[in-house]
Amino acid sequence: MALQAYNLRSTAMTAPTLPADRRDIPSWVLIAAMLLSFIAAEYPHAFSIDWVRAVPAASALIALSVAVIIGRRTARPRLAAGATAFLQMTLFTLLGVVLAYALAAKSGVLWDDRLAVADRVIGFNWPAVLALLDKVPAAIWVLGLAYHSLTVQMIVVIVALSSVSKFDVLRTTVCAAILSGFVTILISGLTPAMGNLFDPSHYRHLWPSVAWLEQGLIAGLRDGSRKVLDLTMLMGIVSFPSFHATLAAIFIWSFRAMPVLTVPGAAWAVLTILATPVFGGHYGADVIMGLILAPPAIIVAHRLTRRRPSPCPPSSALSAAGPLDREGRH
């Protein structure tokens, strides 16, 4: 019995443990940069946090952190990679929204007139588009559900990539999402806008856009009356560029790594992009700029997270050079 107990202890002590992957560092650095940017941007407005309502977010972060530790301690790479991706994206979402709030509170003249002019130059006739769409309730439901399913798409991408051990694609996807989101939020601070608003009461079937619902929030941030952050009710307020379009485009690239999901995943993401101007209340220029941001974000993220060749071990080098003689010469 004593020998058995000793063997069990020895096995536990020598159980394989996954080390932290250095290719996750770029995403962590970006998250840290977002935190520092928020601290700098919110001064001197000094937002406060409703700590009671922050409990669900804190609990989710703790649960994901525990999952990461369990995945590494038990040498389960798929669990470790998936939990790490979820942890990074959750932190990015929380910090991204509050950073956008802080920048909105300091932003200057709204850019809506300029963006509306850009849309007319491009040829977008939104009243005509909205009137036509209002005649097709089925299309409204399909596009509306696609737009509001972006979080579900992210969950599917992370779970699917981690389950089939496509860890390189997963890290690139997460890093590209965080990088492009960070850039989008910073640009939005320079180009604040209420959004491409339309009054839903003028239509029979169209839903109110997110931009229409967020008018009071943006106004409160700009006039300083909104100072308490409710982490259970964080809303995306970025108009230009559209991060919905950027992230959907990144997901199209991610789905290509999984043949079974390539076509349905791409179709899902394309519907999201098409729905973004109407249900997000974005200008056409917002969506076009969001799509332009996706490819460079993927390229940069791929370079930041790519696998570096490990240096050749000394023993291997000696073996390749041949045996040593008694005086230590080859």
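Structural data are supplied above this passage.
Computed from a predicted model, the values in this text were never measured in an experiment. (Residues numbered from 1 in each chain as written. Predicted model: local features only at pLDDT ≥ 70, side-chain atom pairs only at ≥ 80, totals over all residues. Heavy atoms only, no water.)

Peer 1: Whenever I open this one, a nonpolar patch on the surface confuses me. Can you help?
Peer 2: A contiguous nonpolar patch, built from Ile 62, Val 66, Ile 70 and Leu 79 and spanning about 320 Å² of accessible area, is present on the exposed surface. For the nonpolar patch, the leading source of residues is helix α3 (residues 55–73), giving 3 residues. Relative to the assigned elements, Leu 79 resides in helix α4 (residues 77–106). (Patch = residues over 30% accessible without salt bridge, like charges linked within 9 Å, V, L, I, M, F, W, Y side chains within 5 Å. Areas by Shrake-Rupley, 256 points an atom, 1.4 Å probe, with all protein chains shown as cover. Salt bridge = Lys/Arg side-chain N within 4 Å of Asp/Glu carboxyl O. Helix = DSSP H or I, 4+ residues; strand = E, 2+ residues; numbered from the N terminus.)

Peer 1: Any chance you could explain the packing of helix α5 (residues 112–122) against helix α14 (residues 284–305) here in plain terms?
Peer 2: Packed helix pairs are specified by the crossing angle of their axes together with the interaxial distance, meaning the distance between the axes. Two elements in contact, α5 and α14, have axes separated by 8 Å at closest approach and are oriented at 80°. Looking at the two axes, α5 sits roughly perpendicular to α14. Seen from α5, the contacting residues are Leu 115, Ala 118, Asp 119 and Ile 122; seen from α14, they are Gly 284, Ala 285, Asp 286 and Ile 288. Its residues placed into classes, the contact of α5 with α14 shows 5 nonpolar, 1 polar and 2 charged. (Axes fitted to C-alpha atoms, helices over the stretch in contact; angles between N-to-C directions. Parallel < 35°, antiparallel > 145°, perpendicular 65-115°, else oblique. Contact = heavy atoms within 4.5 Å. Nonpolar A, V, L, I, M, F, W, Y, C, P; charged D, E, K, R; others polar.)

Peer 1: Would you mind going over α5 with me for this structure?
Peer 2: Quick reminder: α-helices carry 3.6 residues per turn. Residues three or four places apart thus point the same way. Those residues of α5 lying buried are Asp 112, Leu 115 and Asp 119. In a view along the axis of α5, the buried residues occupy a sector of 65°, so they form one face of it. For α5, the exposed residues lying more than 90 degrees away from the buried face are Asp 113, Arg 120 and Val 121. Those residues of α5 that are buried lie in contact with α6 (126–133) and α14. (Buried < 20%, exposed > 50% of the residue type's maximum accessible area, 1.4 Å probe, protein only. Arc of directions from axis to C-beta.)

Peer 1: Explain the packing of α4 against helix α11 (residues 215–223) to me, please; I cannot follow it from the model alone.
Peer 2: For the pair α4 and α11, the least separation of the axes is 6 Å and the interaxial angle reads 60°. Viewed along their axes, α4 and α11 adopt a mutual orientation that is oblique. Seen from above, α4 lies across α11 with right-handed handedness. Contacts between α4 and α11 involve Tyr 101, Ala 104 and Ala 105 from the former and Leu 217, Leu 221 and Arg 222 from the latter. Along the lines of polarity and charge, the residues of the contact of α4 with α11 split into 5 nonpolar, no polar and 1 charged. (Left-handed = near helix turned anticlockwise from the far one by under 90°.)

Peer 1: What am I meant to see in the side chain of Thr 172 here?
Peer 2: Secondary-structure assignment places Thr 172 in helix α9 (residues 167–190). Only 3.2 Å separates the side chain of Thr 172 from the side chain of Thr 305, close enough to count as a polar contact. Leaving out residues up to four positions away in the same chain, Thr 172 has contacts with Trp 253, Ile 298, Ala 301, His 302 and Thr 305. (Polar contact = N/O pair within 3.5 Å; in protein donor to acceptor, adjacent residues only side chain to side chain.)

Peer 1: How do you make sense of unusual backbone geometry when you look at a structure like this?
Peer 2: The phi angle of most residues is negative, glycine excepted, and most peptide bonds adopt the trans form. The residue after Phe 240, namely Pro 241, is reached through a cis peptide bond having omega -5°. Looking at the secondary structure, you find Pro 241 in the loop between β2 (228–229) and α12 (243–255). A positive phi angle is found at Ala 75, which is not glycine, with a value near 55°. In this fold, Ala 75 is placed in the loop between α3 and α4.

Peer 1: What am I meant to see in the environment of Leu 213 here?
Peer 2: By the element assignment, Leu 213 lies in helix α10 (residues 210–213). With a relative accessible area of 58%, Leu 213 lands in the exposed category. Sequence-wise, Leu 213 and Gly 281 are 68 residues apart; in three dimensions their C-alpha atoms are separated by 9.5 Å.

Peer 1: Can you walk me through the nonpolar core in this structure?
Peer 2: A general trend in soluble globular proteins is that nonpolar side chains are found buried together. Core analysis: the biggest nonpolar cluster contains 65 residues, and Met 89, Tyr 101, Ile 178 and Ile 237 have the highest contact counts within it. Every element with two or more residues in this core is listed here: α2 (25–42), α3, α4, α8 (150–163), α9, α11, α12 and α14. No other element matches the 17 residues that α4 contributes to this core. Residues contacting Ile 178, with those up to four places away along its chain left out, are Ser 27, Leu 30, Ile 31, Met 34, Gln 88, Met 89 and Phe 92. Counting residues in hydrophobic clusters, the runner-up holds 11 residues, among them Leu 143, Phe 198, Leu 206 and Phe 279. (Core = buried A, V, L, I, M, F, W, Y, C linked by side-chain atoms within 4.5 Å.)

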